[in-house]
Amino acid sequence: MVENTILEALIALFTFKNLLFMLFGVTAGMMAGALPGLTATMAVALIVPFTFTMDPITGLATLGAIYCGAIFGGAFSAILVNTPGTPSSIGTTFDGYPMTKQGRGEEAIFTATFASAGGGLVGTLILVFLSIPLAKVSLKFGPPEYFWISIFGLTIIASLASKSLLKGLAGGIFGLLLSMIGIAPVGGDVRFTLGIPAFQGGVELLSILIGFFCIPEMLKIAGNLKKQRSKATVEVKKQSGVIKKAFLNVFQKPFNFVRSSLIGAFIGVLPGAGGNIANLVAYNEAQRASKNPESFGTGNPEGVVATEAANNATVGGGLVPLLTLGIPGAPPDAVIYGALMLQGLKPGPELFTANAKITYAFMLSLFIANLMMLVVGIIGGKSIYQAVTKVPEKILVPSIIFLTILGSYAIRNNIMDVIVMLIGGFIGYVLKELDFHPGPIVLGLILGPIAEKGFVQGYLMGQASNAPLLIFFTRPISIILIAITILSALWPVIRERKKKQEKGVVAN
């Protein structure tokens, strides 16, 4: 009986030792996630050797806690210094940092904390109760479906670049071109490397993220140093009842939270997608569904809720194909795959039969980790916010630039990643001065390889028939994705038409 197994798993999980290790995992994960360059994958991988000597439940619970904490930790740097700590937090910068500049950074951090913990709990619920059916759905996704998902993702550019669609499209194409540097994912052709061997593996996404989001902001602050001597980085407004306000930001509009969490969990189930895409899709849908879409990008808490709920829900979603089919949904899941093998556990159906107690204890540990994250996030978030806002800019700017260099180098121990980050920062600063949004560029960089791989593999599959391209338009899931893509691309036009109609009604 599953109920008895879950009860046994809960009893085995609730020991002082396990809770202590999980608290350590959540805290360490948050610290790693908050540092630009240290990803969730690196944080989980660093701890795996230490969990080898632990019993399986303690070891896996610690890894799960680190994973949850690291995904959430990326929100701190995204909100406070406009630098996504992990790629899953890209969307958090769009509204989180403007809130900080308005003196509402504390509210943004607490909003992200509630949304992250809530999204993580939704993802874990889906993992525990819907693993098997979702795993079957994920198997129906082939290269044509991944191609259409990436095309759907590219339509988000229309939302991100609401001020100028032309600049958004130009940024997206620039990102796609950057994604083509290196060895082709199918075929192995070497492209645009300028003869530099380090570029054969492509440009590192995190280096570009740090360069495009953080460096331009630091240069801008540094440029104002003479005007604002010894002033703290951001304006701080005293806010009363900020925790209650953050709670209401998340749960007063439950549709945004629930929709974003479900988007995150579902995208997490698809191998190869993950939080990088989920947070941007959720942000796009939140903006599209909002009655006030123009406020997104200017400090709307709904944007923070959407991205943070989605990226934390991917943790539970990403473990679905790993535990049921043995297919890692995201890079951190691949590390956990290795940890399971080290513990003598083989991912797949065997986990739910011969080792059901350990498996359910691992899944349930994510519940506890998310609840711990809520407490640690509120206590730690307040302290970090106060620390950052009190540090003078002349100390903060060089400190952050030093950390960005250190983080970029730590990704692959490659100096080229630092150079790429600095060049990206310079280009990002120039583009920002020209009023280009960095979001479309990063979106093109993330989705380019997925689109290319999906198209080439789908085309090769289609060669079995006389019309290779027909495979992209005849599969049922592809047809649904094409319809969603067209709707998403035309949505700005539909929205404008609806507005004009409403104004016409009011005028009459």
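These numbers come from a predicted model, not from an experiment.

The rules behind these values
- Residues numbered from 1 in each chain as written.
- Predicted model: local features only at pLDDT ≥ 70, side-chain atom pairs only at ≥ 80, totals over all residues.
- Heavy atoms only, no water.
- Helix = DSSP H or I, 4+ residues; strand = E, 2+ residues; numbered from the N terminus.
- Contact = heavy atoms within 4.5 Å.
- Lys, Arg positive; Asp, Glu negative; His and termini not counted.
- Charge placed at Lys NZ, Arg CZ, Asp CG, Glu CD.
- Buried < 20%, exposed > 50% of the residue type's maximum accessible area, 1.4 Å probe, protein only.
- Polar contact = N/O pair within 3.5 Å; in protein donor to acceptor, adjacent residues only side chain to side chain.
- Phe/Tyr/Trp six-rings, centres within 6.5 Å; stacked < 30°, edge-to-face > 60°.
- Lys NZ or Arg CZ within 6 Å of the ring centre and 35° of its normal.
- Expected span 1.5 Å × (residues − 1).
- Core = buried A, V, L, I, M, F, W, Y, C linked by side-chain atoms within 4.5 Å.
- Axes fitted to C-alpha atoms, helices over the stretch in contact; angles between N-to-C directions.
- Parallel < 35°, antiparallel > 145°, perpendicular 65-115°, else oblique.
- Left-handed = near helix turned anticlockwise from the far one by under 90°.
- Nonpolar A, V, L, I, M, F, W, Y, C, P; charged D, E, K, R; others polar.
- Salt bridge = Lys/Arg side-chain N within 4 Å of Asp/Glu carboxyl O.
- Patch = residues over 30% accessible without salt bridge, like charges linked within 9 Å, V, L, I, M, F, W, Y side chains within 5 Å.
- Areas by Shrake-Rupley, 256 points an atom, 1.4 Å probe, with all protein chains shown as cover.
- pLDDT = per-residue confidence, 0-100.

Considerations on the overall build of the protein chain
Now for step 1: If you tally the helices and strands in the protein chain, you get 21 helices and two strands.
Now for step 2: Along the first, second and third principal axes, the C-alpha set of the protein chain runs to 65 × 65 × 65 Å.
Now for step 3: The contacts of the protein chain with a sequence gap of at least 6 include a subset with a gap of at least 24, amounting to 79%.
Now for step 4: Between the centroid of the 36 positive side chains of the protein chain and the centroid of its 24 negative side chains there is a distance of 7 Å.

Regarding the side chain of N18
Now for step 1: Residue position: N18 is located in helix α2 (residues 16-34).
Now for step 2: Residue N18 is classed as buried on the basis of its relative accessible area, which comes to 3%.
Now for step 3: In terms of polar contacts, N18 uses its side chain to reach the side chain of T15, at 3.2 Å.
Now for step 4: In terms of polar contacts, N18 uses its side chain to reach the side chain of T58, at 2.6 Å.
Now for step 5: Beyond its immediate chain neighbours, meaning those up to four positions away, N18 contacts A12, L13, I57 and T58.

What about the packing of aromatic side chains?
For any pair of aromatic rings, geometry is given as the distance between the ring centres together with the angle between the planes.
Now for step 1: All told, the structure shown has 15 aromatic pairs when counted by the stated rule.
Now for step 2: Measuring from ring centre to ring centre gives 6.3 Å for F455 and Y459, while their planes differ by 25 degrees; the resulting arrangement is stacked. One end of the pair is F455 and the other is Y459, both in helix α19 (residues 438-462) and four residues apart, which spans about a single turn.
Now for step 3: Taking relative accessible area as the criterion, Y459 reaches 31% and is therefore assigned partly exposed.
Now for step 4: Aromatic ring contacts, followed pair by pair, group F147, W148, F455, Y459, F472 and F473 into a single cluster.
Now for step 5: One residue, K167, lies across the ring of F436, its end atom 5.6 Å from the ring centre.

Here's the deal with the environment of Q200
Now for step 1: Structurally, Q200 can be placed in the loop between β2 (190-191) and α10 (205-223).
Now for step 2: In contact with Q200, not counting residues within four places along its chain, are G182, I183 and T193.

What to know about helix α5 (residues 90-101)
Now for step 1: When the terminal C-alpha atoms of α5 are compared, their 17 Å separation across 12 residues agrees well with the 16 Å that a helix rising 1.5 Å per residue should span.
Now for step 2: Burial analysis of α5 places 11 of its 12 residues in the buried class, the great majority of the element.
Now for step 3: Phi for G103, located one or two positions after α5, is positive at around 80 degrees.

Let's talk about unusual backbone geometry
Now for step 1: Despite not being glycine, F192 has its phi angle at roughly 50 degrees, a positive value.
Now for step 2: Since its relative accessible area comes to 52%, F192 is described here as exposed.
Now for step 3: Positioned with a positive phi, D435 is a non-glycine residue whose angle comes to about 70 degrees.
Now for step 4: For D435, the position within the fold is in the loop between α18 (415-433) and α19.

A few points about the nonpolar core
Now for step 1: Judged by nonpolar contacts, the single largest core of 88 residues is most densely connected at M22, V26, V44, Y67, L319, L323 and I336.
Now for step 2: The element that contributes the greatest number of residues to this core is helix α4 (residues 56-81), accounting for 16 residues.
Now for step 3: In this structure I336 touches V44, Y67, L319, L322 and F362, once residues within four positions along its chain are discounted.
Now for step 4: Ranked by size, the runner-up nonpolar core spans 51 residues in total, among them I90, A282, M416 and I477.

Section: the environment of I419
Now for step 1: Checked against the element boundaries, I419 lands in helix α18.
Now for step 2: Given the relative accessible area of 35%, I419 is considered partly exposed.
Now for step 3: Along the chain, I419 and S207 lie 212 residues apart, while their C-alpha atoms are 8.8 Å from each other.

Looking at the packing of α5 against α10
Now for step 1: Between α5 and α10, whose axes approach to 12 Å, the crossing angle comes to 15 degrees. As judged from the angle between their axes, α5 and α10 are roughly parallel. Considering how the two elements wind past one another, α5 and α10 form a crossing that is right-handed. Contacts between α5 and α10 involve I90, T93, F94, Y97 and K101 on the former and, on the latter, L209, F213, E217 and I221.
Now for step 2: Residues belonging to the contact of α5 with α10 are distributed by class as follows: six nonpolar, one polar and two charged.

Some points on helix α7 (residues 143-154)
The periodicity of an α-helix, 3.6 residues per turn, causes residues three or four places apart in sequence to face the same way.
Now for step 1: Over its 12 residues, α7 extends 17 Å from the first C-alpha to the last, a length consistent with the 16 Å expected when each residue adds 1.5 Å.
Now for step 2: Taken as a whole, α7 has its buried residues at P143, P144, E145, Y146, F147, W148, I149, S150, F152, G153 and L154.

Side note on the side chain of N82
Now for step 1: For N82, the location among the structural elements is in the loop between α4 and α5.
Now for step 2: A polar atom in the side chain of N82 sits 3.1 Å from the backbone oxygen of F213.

Some points on the pattern of salt bridges
Now for step 1: A full pass over the atoms with the stated rule returns six salt bridges.
Now for step 2: E145 is the salt-bridge partner of R475, the closest N and O atoms lying 2.8 Å from each other. With R475 in the loop between α20 (471-474) and α21 (476-507) and E145 in helix α7, this residue pair connects regions lying 330 residues apart in the sequence.
Now for step 3: Residue R475 is classed as partly exposed on the basis of its relative accessible area of 23%.
Now for step 4: E452 is the partner of R191 in a salt bridge, and the nearest nitrogen-oxygen pair spans 2.6 Å. In this pair, R191 sits in strand β2 while E452 sits in helix α19, placing the two residues 261 residues apart along the sequence.

Things to note about a nonpolar patch on the surface
Now for step 1: Where nonpolar side chains cluster on the molecular surface, the patch consists of L35, F402, L403 and L406 and spans about 360 Å² of accessible area.
Now for step 2: For L406, the position within the fold is in helix α17 (residues 393-412).

Description of the packing of helix α3 (residues 40-51) against helix α15 (residues 331-342)
Now for step 1: Contact geometry for α3 and α15: axes closest at 8 Å, N-to-C directions at 15 degrees. Relative to α15, the element α3 lies roughly parallel. Crossing handedness for the pair α3 and α15: left-handed. Residues A40, T41, V44, A45 and V48 of α3 touch α15, and the partners they reach there are P331, P332, V335, I336, A339 and L342.

Examining the confidence of the model for the protein chain
Now for step 1: Predicted confidence across the protein chain gives a mean pLDDT of 83, with 92% of residues reaching 70 or more.
Now for step 2: Mean pLDDT across the elements of the protein chain bottoms out in helix α8 (residues 157-160) (68) and peaks in α20 (90).

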